[in-house]
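Structure at a glance
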Amino acid sequence: MTRASLRLGLLVVALVVVASISLLMGPADVSILSLISGTAPESARVIVTDIRLPRTLLALLVGAGVATSGACIQGLFRNPLADPALIGVSSGAALFAAGFLVFGGTFGGIALVGLPVAAFVGGLAATLLVLEVGRRGGTISAMLLAGVAINAIAIAGVGLFSYLASDLQLRSVAFWALGSVGGANWRGVAAACVIPVAIGLMWRDANKLNAITLGDAEASHLGISVAALRRRIVVLTAFAVGIGVSLTGVIAFVGLVVPHLVRLSIGSNHRVLIPGAALLGAILLVLADCLGRIVVAPAELPIGILTALLGGPFFIYLIVEQKGKLGI
Amino acid sequence: MRSDGVTLLDRVDFSAGQGEVVAVIGPNGAGKTTLMRVLANEIPASSGRLLIDGETPPQIGREELARRVAVLPQRSVLDFPFRVHEVIGMGRIPHRTSSFENRKIVQEVIDSLALAPIIDRVYTTLSGGERQRVQIARVICQLWDCREGGYFLFDEPTAPLDLAHQVAFLETARSLAADGAGVLLVIHDINLATRFADRIAILSQGRIVSDGKPVDVVTREAIESVYGIRVDVIDQASGAPTVRVLGSRTR
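What comes next is a walk through the structure. None of the values given here were measured: they were computed from a predicted structure.

Below, the discussion takes up the overall build of chain A. For chain A, the count of helices and strands is 17 helices and zero strands. Rg of the C-alpha trace for chain A: 20 Å, near the compact-globule value of 20 Å for 328 residues, within the 12% margin. Counting the 328 residues in chain A, one finds 53% classified as buried. Working note: accessible area of chain A is about 14,100 Å², and carbon and sulfur atoms make up 72% of it. Within chain A, one finds 20 positive and 12 negative side-chain charges whose respective centroids are separated by 9 Å.

Our focus in this paragraph is helix α6 (residues 115-137) of chain A. Residue and element names in this part refer to chain A. With 23 residues, α6 should reach 33 Å at 1.5 Å per residue; the first-to-last C-alpha distance of 33 Å fits that figure. The set of residues buried in α6 consists of Leu115, Ala118, Ala119, Phe120, Gly122, Gly123, Ala126, Thr127, Val130, Leu131 and Gly134. Residue Gly138 follows α6 closely and has a positive phi angle near 90°.

So, about the packing of helix α14 (residues 254-265) of chain A against helix α15 (residues 270-294) of chain A. All names here are of chain A. It is at 9 Å that the axes of α14 and α15 come closest, and there the two elements cross at 125°. Classed by the angle they form, the pair α14 and α15 counts as oblique. Crossing geometry of α14 relative to α15 is assigned as right-handed. Taking contact as the criterion, the partners of Val254, Val258, Pro259, Leu261, Val262 and Arg263 in α14 are, on α15, Val272, Leu273, Gly276, Ala277, Leu280, Gly281, Leu284 and Leu285.

All names here are of chain A. The topology assignment puts Met202 in helix α10 (residues 194-204). Sequence-wise, Met202 and Gly114 are 88 residues apart; in three dimensions their C-alpha atoms are separated by 28 Å. Other than its neighbours up to four places away in sequence, Met202 contacts Thr68, Ser69, Cys72, Leu209, Ile233, Leu236, Thr237, Ala240 and Ile274.

Let us now look at the interface of chain A and chain B. Every contact between the two is made by 26 residues of chain A and, on the other side, 28 residues of chain B. Roughly 2,200 Å² of surface becomes buried between chain A and chain B when both sides are summed, with 65% attributable to carbon and sulfur atoms. When residues of chain A are sorted by the area they lose upon contact with chain B, Leu214(A), His221(A) and Leu222(A) head the list and together hold 31% of the total. If you look at where chain A meets chain B, you find three residue pairs in polar contact (both at pLDDT 80 or more).

This next bit is on the pattern of salt bridges. All names here are of chain B. For the structure shown, the criterion picks out 22 salt bridges over all chains. Its salt-bridge partner being Arg174, residue Asp198 comes within 3.1 Å of it at the nearest N-O pair. Highlighted residues: Asp198 in the loop between α8 (190-196) and β7 (199-204) and Arg174 in helix α7 (residues 163-178), separated in sequence by 24 residues. Accessibility expressed as a relative area gives 30% for Asp198, which makes it partly exposed. The class of Arg174 is partly exposed, set by a relative accessible area of 27%. Through salt bridges with shared partners, one network takes in Asp53, Glu55, Glu63, Glu64, Arg67, Arg68 and Arg96.

What follows covers the sheet that holds β7(B). Residues and elements named next belong to chain B. Read across the sheet, six strands follow the order β4-β5-β6-β3-β7-β8 without closing on themselves; strand pairing throughout is mixed. In this open sheet, the two strands that pair with only one neighbour each are β4 (69-72) and β8 (207-212). Put simply, the sheet's adjacent strands are angled 15° from each other on average, direction ignored. With five bridges joining them, strand β5 (residues 151-155) and strand β6 (residues 182-186) adopt parallel strand pairing.

All names here are of chain B. Counting buried positions along β7 gives six out of six residues, so the element sits mostly inside the fold. Looking at chain direction, β7 and β8 are connected through five bridges and run antiparallel. Paired with Ser204 across the two strands is Arg207, which belongs to β8. Where β7 folds back onto β8 in an antiparallel hairpin, the turn is made up of two residues, including Gln205, whose phi is positive at roughly 50°.

Another point: the nonpolar core. Residues Trp176(A), Ile88(B), Phe152(B), Phe154(B), Val183(B), Leu185(B) and Ile200(B) are the most contacted members of the largest nonpolar core, which totals 150 residues. Once residues lying within four places of it in the same chain are set aside, the contact partners of Phe154(B) are Met36(B), Leu72(B), Ile136(B), Val139(B), Ile140(B), Phe169(B), Val183(B), Leu184(B), Leu185(B) and Val186(B). Ranked by size, the runner-up nonpolar core spans 23 residues in total, among them Val24(B), Leu35(B), Leu50(B) and Leu203(B).

The next point concerns a nonpolar patch on the surface. Residues and elements named next belong to chain A. A grouping of Leu291, Ile294, Val295, Val296, Leu309 and Leu310 is seen on the molecular surface, where their side chains present a nonpolar patch of about 510 Å² in accessible area. Listing elements by their share of the nonpolar patch, those giving two or more residues are α15 and α16 (303-321). Relative to the helices and strands, Val296 resides in the loop between α15 and α16. Residue class for Val296 comes out partly exposed when judged on its relative accessible area of 38%.

What counts, and where the lines are drawn
- Residues numbered from 1 in each chain as written.
- Chains lettered and ligands numbered in written order.
- Predicted model: local features only at pLDDT ≥ 70, side-chain atom pairs only at ≥ 80, totals over all residues.
- Heavy atoms only, no water.
- Helix = DSSP H or I, 4+ residues; strand = E, 2+ residues; numbered from the N terminus.
- Rg over C-alpha atoms; globule rule 2.2 N^0.38 Å.
- Buried < 20%, exposed > 50% of the residue type's maximum accessible area, 1.4 Å probe, protein only.
- Areas by Shrake-Rupley, 256 points an atom, 1.4 Å probe, with all protein chains shown as cover.
- Lys, Arg positive; Asp, Glu negative; His and termini not counted.
- Charge placed at Lys NZ, Arg CZ, Asp CG, Glu CD.
- Expected span 1.5 Å × (residues − 1).
- Axes fitted to C-alpha atoms, helices over the stretch in contact; angles between N-to-C directions.
- Parallel < 35°, antiparallel > 145°, perpendicular 65-115°, else oblique.
- Left-handed = near helix turned anticlockwise from the far one by under 90°.
- Contact = heavy atoms within 4.5 Å.
- Buried area = accessible area lost by both parts, 1.4 Å probe.
- Polar contact = N/O pair within 3.5 Å; in protein donor to acceptor, adjacent residues only side chain to side chain.
- Salt bridge = Lys/Arg side-chain N within 4 Å of Asp/Glu carboxyl O.
- Pairing = 2+ DSSP bridges.
- Core = buried A, V, L, I, M, F, W, Y, C linked by side-chain atoms within 4.5 Å.
- Patch = residues over 30% accessible without salt bridge, like charges linked within 9 Å, V, L, I, M, F, W, Y side chains within 5 Å.

Read these as layout, nothing more, since geometry by itself doesn't imply function.
Here it is in structure tokens:
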């Protein structure tokens, strides 16, 4: 446990460092000394507090939420290849977001709620649908397959909306699907504060998540109500990921890769896996955002492209090199 | 007990008491696992009821039940890279004991099962037999501090173990019973069952055809009729009869 706490401590330090870099980095030069001493020009302060700080916080919170949800969903489904997208939350959100972008202008009712609310409602609706179909099917496989089916339907729906969209709308649908924290503001950060609450609630179930990796029957012999746990974790994930996706678009791969990295480096016990995944997910997303700002400067690369570009090959390396320890 | 229109268990009246090791034997598909799952409160019996210390499972409550009954299913599915000591420690989940106490209990279980050499290994890198020993340890850990009055249900615990570890496990089962626990296990090796069990029940086609002391239950007639092979039963005087296989078909 002490070794694990030490490593978690290192992750906290790394997160502080990466977040500081993110605050100071950008086209406008801002020195940390002038910020602290209060001698920085007004414009520099505005850039940091109104643009970079909310952007950094949003990347941090969304990264933490997606990675933690990935860890819990993998444990819950006892499937190392599971990720939050599997329960339909991402594709449901994408479907409603695409619908909003294409039809939002024509139907006043939709335009009122705004893109994040539409995406969040879509994510939650898709998740509840998967949960209900899974409940009727009765097994974990039924729920996973329900997720696959709902995903396929939602993606077809996004395709249909894209087909109907004008060129301009198509561009925003595509951009949203790539994921970006470029549009961050304080209202978004305030909404994203639901994420740490969800993470805290998932952490309270850490022991039960450990037990369920043994099997449903084993978990119930350890005194756990499996159905209630499954419902709780899926709904919390829908919140953590749904809010995140609604604010930033789809962030690929973080939910799948980060939990594996934490299991390999810190451990599989959900008591350390959950905080570890939250910290590492936050670090990686803030870092990806920093990179996205410099690689094609003065333009910006959407964060989702970077996470998939870097995460994909790295995950392939893990699969080849560590298959025994990954449990696949 | 019926499933898919097939009667899996029929008029089975079965009990296991504290302080004894009961072995359930019988051919594949006889209903041994179904019996275990009914006794473990995993599946409800279509008629009849399950009583634990005179109470039904709902009367006892989910968590309290986990502090009285520990179950090892036939197959385990754990696929995550937990350390061995973490897997064993999961047996403490239903308890409110302090983490200090839990660590002490896990250590005692590790010592008594001679698992010290592998406690820091990653579970997913273990062999089948080692995994089984870890799962057995987890189940024992669950009731270690309340084994007097507790019940252990093991479904084919010895199947993946080598001969030495089969014997070591059965000795552990005996010592759990000596400490006041009720131990019920499904096992295929009749000769080990006769040596280590106080009672043997033979299950065939969903019925308990025989239930009693090894020497009374394991007879040539009983084994031949249940398994349909030719055998010879020797060493009856010792109280732990040995079955020798003579041929594949009954005469």
